[in-house]
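Survey of secondary and tertiary structure
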Amino acid sequence: GQNIDQPTEMTATEGAIVQINCTYQTSGFNGLFWYQQHAGEAPTFLSYNVLDGLEEKGRFSSFLSRSKGYSYLLLKELQMKDSASYLCARGGGSQGNLIFGKGTKLSVKP
Amino acid sequence: EAGVTQFPSHSVIEKGQTVTLRCDPISGHDNLYWYRRVMGKEIKFLLHFVKESKQDESGMPNNRFLAERTGGTYSTLKVQPAELEDSGVYFCASSQDHPEAFFGQGTRLTVV
C-alpha cells in the first residue's frame, strides 16, 4: 500500500482508550485521513489532518506529524459499537485519490 | 439525503463473461471515484471522474476495465472479459468539496 503501515488487529476493553498508529511515506503527501468500516458496510469518514497537531471530534481524535510521517487515531470511552476496521489513508497525487493502508481491526470486549 | 448507492451488491460470474457495476453518487457531487479491494489487500484507487470527465485513471489495471459517467450523474464500470484476479469488492465514492468522500457499500464480485 505504498508504505502505509498500521497494526493488523487490536483489542481493547469497553470504556477504555485505544490509540491506533499509522506511518506513511511522506513523498507526495496530500493530507491524512481516517475511515471507519464495519463489516460489510461502507467506509465512513472520521477525520482529515493536513497540518501538524491534534484534531478532536467528540470521542475520536486524530494526530499528525508530517515530518515523521506519523498519525494516530485516538478513541476514548470505547463502546462495543466501535468494533470495526479503521483505515488510515493519505491523499495521493491527484485531489481525491486516496492511498489506503490495510486497516486495523479493532475488537472491543466487555 | 440518499447516500452513494451501488448495484448489484453481489455478482458471481464465470471467467470470460462481462459484468457491469453501477454507482449512483450523492446528488450534486461532481467528484466520483472507483476503488477496489482484493482479498487480503488494501483498498486501491482505480479512477476519478469530475462530472463526466476522467480526471485520473492511473489506477485502472488494464484495458479490460472501462468506466463511464455519461451526463455526469451515475457511473458504470464494465469488466470485459472478467478474469479470476478481478474478484474483489468494488467501492464507489463521491464528494463535492475535498476532503470528505462518501463511500457506497460496495459490489462484491466473484469470478469463478
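Above this note sits the structure.
Residues numbered from 1 in each chain as written. Chains lettered and ligands numbered in written order. Predicted model: local features only at pLDDT ≥ 70, side-chain atom pairs only at ≥ 80, totals over all residues. Heavy atoms only, no water.

This part takes up the overall build of chain B. Across its full length, chain B holds zero helices and eleven strands. Its helices and strands taken in sequence order, chain B reads β-β-β-β-β-β-β-β-β-β-β from the N to the C terminus. In summary, chain B has a C-alpha radius of gyration of 13 Å against a globular reference of 13 Å for 112 residues, a match within 12%. If one aligns the C-alpha atoms of chain B with their principal axes, the spans along those axes are about 40 × 25 × 25 Å. Per-residue burial for chain B yields a buried fraction of 47% across its 112 residues. For chain B, the exposed surface amounts to about 5,700 Å²; the carbon and sulfur share of it is 48%. Of note, chain B has its 12 positive side-chain charges centred 6 Å away from the centre of its 14 negative side-chain charges. (Helix = DSSP H or I, 4+ residues; strand = E, 2+ residues; numbered from the N terminus. Rg over C-alpha atoms; globule rule 2.2 N^0.38 Å. Buried < 20%, exposed > 50% of the residue type's maximum accessible area, 1.4 Å probe, protein only. Areas by Shrake-Rupley, 256 points an atom, 1.4 Å probe, with all protein chains shown as cover. Lys, Arg positive; Asp, Glu negative; His and termini not counted. Charge placed at Lys NZ, Arg CZ, Asp CG, Glu CD.)

To continue, consider the sheet that holds strand 2 (residues 18-23) of chain A. Hydrogen bonds between backbone atoms are what pair the strands of a sheet, whose relative direction is either parallel or antiparallel. Residues and elements named next belong to chain A. An order of 2-7-6-5 is seen for the four strands of this open sheet, with the pairing classed as antiparallel. This sheet does not close on itself; its edge strands, each paired only once, are strand 2 and strand 5 (53-57). With strand direction ignored, the average angle separating the axes of adjacent strands in the sheet is 15°. One ladder, built from five bridges, connects strand 5 with strand 6 (residues 60-65); its direction is antiparallel. Residue pairing in the sheet places Glu55 in a bridge with Ser62 of strand 6. (Pairing = 2+ DSSP bridges. Axes fitted to C-alpha atoms, helices over the stretch in contact; angles between N-to-C directions.)

Time to look at the side chain of Gln36(A). Residue and element names in this part refer to chain A. Of note, Gln36 is situated in strand 3 (residues 32-37). One polar contact links Gln36 to Tyr86, side chain to side chain, over a distance of 2.9 Å. Contact partners of Gln36, with chain neighbours within four places excluded, come to Ala42, Pro43, Thr44, Leu46, Phe60, Asp82, Ala84, Ser85 and Tyr86. (Polar contact = N/O pair within 3.5 Å; in protein donor to acceptor, adjacent residues only side chain to side chain. Contact = heavy atoms within 4.5 Å.)

What follows is about the sheet that holds strand 3 (residues 19-24) of chain B. All names here are of chain B. What the four strands build is an open sheet, ordered 1-3-8-7; its pairing is antiparallel. Only two strands of the sheet have a single partner each, and these edge strands are strand 1 (5-7) and strand 7 (65-68). On average, each strand axis in the sheet is tilted by 15° relative to the strand beside it, whichever way the strands run. Looking at chain direction, strand 7 and strand 8 (residues 75-79) are connected through four bridges and run antiparallel. The residue of strand 8 that forms the bridge with Phe65 is Val79.

On to the packing of aromatic side chains, then. Using the criterion set out here, one finds 15 aromatic pairs over all chains in the structure. Taking the centre distance of 5.8 Å and the plane angle of 75° together, the rings of Tyr35(B) and Phe45(B) count as edge-to-face. Separated by ten residues along the polypeptide, Tyr35(B) in strand 4 (residues 31-37) and Phe45(B) in strand 5 (residues 43-50) bring together distant segments of the chain. Residues Tyr35(B) and Phe45(B) agree in their burial class; the two are buried. With a centroid separation of 6.4 Å and an interplanar angle of 75°, the aromatic rings of Phe91(B) and Phe103(B) are classed as edge-to-face. Note that Phe91(B) is positioned in strand 9 (residues 88-95) and Phe103(B) in strand 10 (residues 102-103), a separation of twelve residues in sequence. For the pair Phe91(B) and Phe103(B), a shared accessibility class is recorded, and that class is buried. A connected cluster of aromatic rings, assembled from ring pairs, spans Tyr35(A), Phe45(A), Phe100(A), Tyr33(B), Tyr35(B), Phe45(B), Phe91(B) and Phe103(B). (Phe/Tyr/Trp six-rings, centres within 6.5 Å; stacked < 30°, edge-to-face > 60°.)

At the junction of the two partners, chain B supplies 18 residues and chain A supplies 19 residues. In terms of surface lost to chain A, no three residues of chain B exceed Glu42(B), His98(B) and Phe103(B), which account for 32% of the buried area on that side. Linking chain B with chain A are zero salt bridges, by the criterion used here. Counting across the chain B and chain A interface gives three residue pairs in polar contact (both at pLDDT 80 or more). (Buried area = accessible area lost by both parts, 1.4 Å probe. Salt bridge = Lys/Arg side-chain N within 4 Å of Asp/Glu carboxyl O.)

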